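Topology and contacts: notes
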Amino acid sequence: MDWDKVIERNQAALIRIVAMLIAMVERGTGGMVALLPPALYHAVSRMLLPVESAVRRLIAIAARGLKVKLAPIRPMPKGLAFAGKGGGQIAFQLFDTRQRFSRNSQRRASATAIPRIHVFADSPLIPLFQPRPVETPIPEPDDTIDATRLGRRLAAVKMALDNLPRQARRLARWKARRDRMQKPAFWSPFRPGPPPGHRKEPQEEIDFVLRECHGLARDALYEDTS
């Protein structure tokens, strides 16, 4: 297997697809990514999901056999506190979002909850229809959607493709930290089953790219753990 050829071919395809998505956004909004028409927003978001999945798997292929040296673990100095979430720094997410297999969400019991008791008198039971007040207006066709998060995802995936070796080192460092943990949360950056954005019947170029990257990434991860 010529892994360098595989990485080069799929990286070029993904760069081309991401450039097309960015062009769609800029052409549809005149360069303003903050607000998008609903149709354009959903079209870009629907295609961006399999693109992100394919890039994650391409990073795993690039990290195949890569060894990194971790810095020794040091205790946090006393009195030092984190300042909170990052101030706008963009980073590509290396891990698939995990699926929730339980359909019935468990509800927590409330301490203030009381039983509901209905007492009916001798009068006829005539239900009174009281429509719930509408809190938010129904979007009109010419409304726009806040696309700030979508723009950050586009920027992150473009940044990852532009510097694939750096993302591979990030994944290699995660593997090294995982290997020295007694009970890691999970062993693979990919969730079980088909990848996010997977289609059973490929329709577009990204579907074929994702299918190839997914199969090769599993082979690469298996070689690293064998």
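Residues numbered from 1 in each chain as written. Predicted model: local features only at pLDDT ≥ 70, side-chain atom pairs only at ≥ 80, totals over all residues. Heavy atoms only, no water.

Once that is clear, we can look at the overall build of the chain. Within the chain, the regular secondary structure consists of 5 helices and 2 strands. Its helices and strands taken in sequence order, the chain reads α-β-α-β-α-α-α from the N to the C terminus. Within the span of the chain, comprising 226 residues, buried residues form 30% of the whole. When the accessible surface of the chain is totalled, it reaches about 17,200 Å², and 56% of it is carbon and sulfur. (Helix = DSSP H or I, 4+ residues; strand = E, 2+ residues; numbered from the N terminus. Buried < 20%, exposed > 50% of the residue type's maximum accessible area, 1.4 Å probe, protein only. Areas by Shrake-Rupley, 256 points an atom, 1.4 Å probe, with all protein chains shown as cover.)

Here the chain averages 80 in pLDDT, while 69% of its residues score no lower than 70. Within the chain, the element-level pLDDT minimum falls on strand 1 (residues 35–36), averaging 84, and the maximum on helix 2 (residues 38–62), averaging 94. (pLDDT = per-residue confidence, 0-100.)

Membership of the largest hydrophobic core comes to 45 residues, with the highest contact counts inside it found for Leu14, Val51, Val55, Phe92 and Ile206. When residues of this core are traced back to their parent elements, those giving at least two are helix 1 (3–29), helix 2, helix 3 (148–162), helix 4 (164–179) and helix 5 (205–225). Ignoring sequence-local partners within four residues, the contact set of Val51 consists of Leu14, Ile17, Val18, Leu21, Val157 and Ile206. (Core = buried A, V, L, I, M, F, W, Y, C linked by side-chain atoms within 4.5 Å. Contact = heavy atoms within 4.5 Å.)

Mapping Leu36 onto the fold places it in strand 1. The class for Leu36 is buried, based on a relative accessible area of 0%. Residues Leu36 and Thr144, spaced 108 residues apart in sequence, show a C-alpha to C-alpha distance of 5.1 Å.

Within this structure, the stated rule accounts for 8 salt bridges. Of the charged contacts, one joins Glu212 and Arg9 as a salt bridge, the two residues approaching to 2.3 Å between their closest N and O atoms. Of the two residues, Glu212 sits in helix 5 while Arg9 sits in helix 1, which places them 203 residues apart along the sequence. On the basis of relative accessibility, which here comes to 42%, the residue Arg9 falls in the partly exposed class. A cluster of three or more residues bridged by salt bridges with shared partners is formed by Arg56, Arg57 and Asp96. (Salt bridge = Lys/Arg side-chain N within 4 Å of Asp/Glu carboxyl O.)

It is worth spelling out the packing of aromatic side chains at this point. Summed over all chains, the structure comprises 1 aromatic pair. The ring of Phe190 carries Arg57 above its face, with NZ or CZ at 4.2 Å from the centroid. (Phe/Tyr/Trp six-rings, centres within 6.5 Å; stacked < 30°, edge-to-face > 60°. Lys NZ or Arg CZ within 6 Å of the ring centre and 35° of its normal.)

This part is about a positive patch on the surface. Judged by side-chain charge, Arg166, Arg169, Arg173, Arg177 and Arg180 come together as a positively charged surface patch. Tracing the backbone through its elements, the reader meets Arg180 in the loop between helix 4 and helix 5. (Patch = residues over 30% accessible without salt bridge, like charges linked within 9 Å, V, L, I, M, F, W, Y side chains within 5 Å. Lys, Arg positive; Asp, Glu negative; His and termini not counted. Charge placed at Lys NZ, Arg CZ, Asp CG, Glu CD.)

Attention now goes to helix 3. Because an α-helix packs 3.6 residues into every turn, residues spaced three or four apart end up facing the same way. Taking 1.5 Å per residue as the helical rise, helix 3 with its 15 residues ought to reach 21 Å, and the 21 Å between its terminal C-alpha atoms agrees with that figure. Inspection of helix 3 places Leu150, Arg153, Leu154, Ala156, Val157, Ala160 and Leu161 among the buried residues, and these make up the whole buried set. Projection of helix 3 onto a plane perpendicular to its axis shows the buried side chains occupying an angular sector of 165°, all on one side. (Expected span 1.5 Å × (residues − 1). Arc of directions from axis to C-beta.)

Now for the side chain of Asn10. Summarising the element assignment, Asn10 is placed in helix 1. Asn10 sits in the buried class, given a relative accessible area of 3%. Side-chain polar atoms of Asn10 contact the backbone oxygen of Val6, separated by 2.9 Å. When neighbours within four sequence positions are excluded, Asn10 is seen to be in contact with Leu58, Val209, Glu212 and Cys213. (Polar contact = N/O pair within 3.5 Å; in protein donor to acceptor, adjacent residues only side chain to side chain.)

Quick look at the packing of helix 2 against helix 4 now. Interhelical geometry of helix 2 versus helix 4 gives an angle of 80° and a closest axis separation of 8 Å. It follows that helix 2 is roughly perpendicular to helix 4 by the angle criterion. Here Leu58, Ile59, Ala60 and Ala62 of helix 2 lie close against helix 4, whose contacting residues are Leu164, Gln167, Ala168 and Leu171. Of the residues in the contact of helix 2 with helix 4, the class split is 7 nonpolar, 1 polar and no charged. (Axes fitted to C-alpha atoms, helices over the stretch in contact; angles between N-to-C directions. Parallel < 35°, antiparallel > 145°, perpendicular 65-115°, else oblique. Nonpolar A, V, L, I, M, F, W, Y, C, P; charged D, E, K, R; others polar.)

In this fold, Asp207 is placed in helix 5. Given a relative accessible area of 5%, Asp207 falls into the buried group. Within the local environment of Asp207, its side chain forms a polar contact with the backbone nitrogen of Gln203, the two atoms lying 2.8 Å apart.

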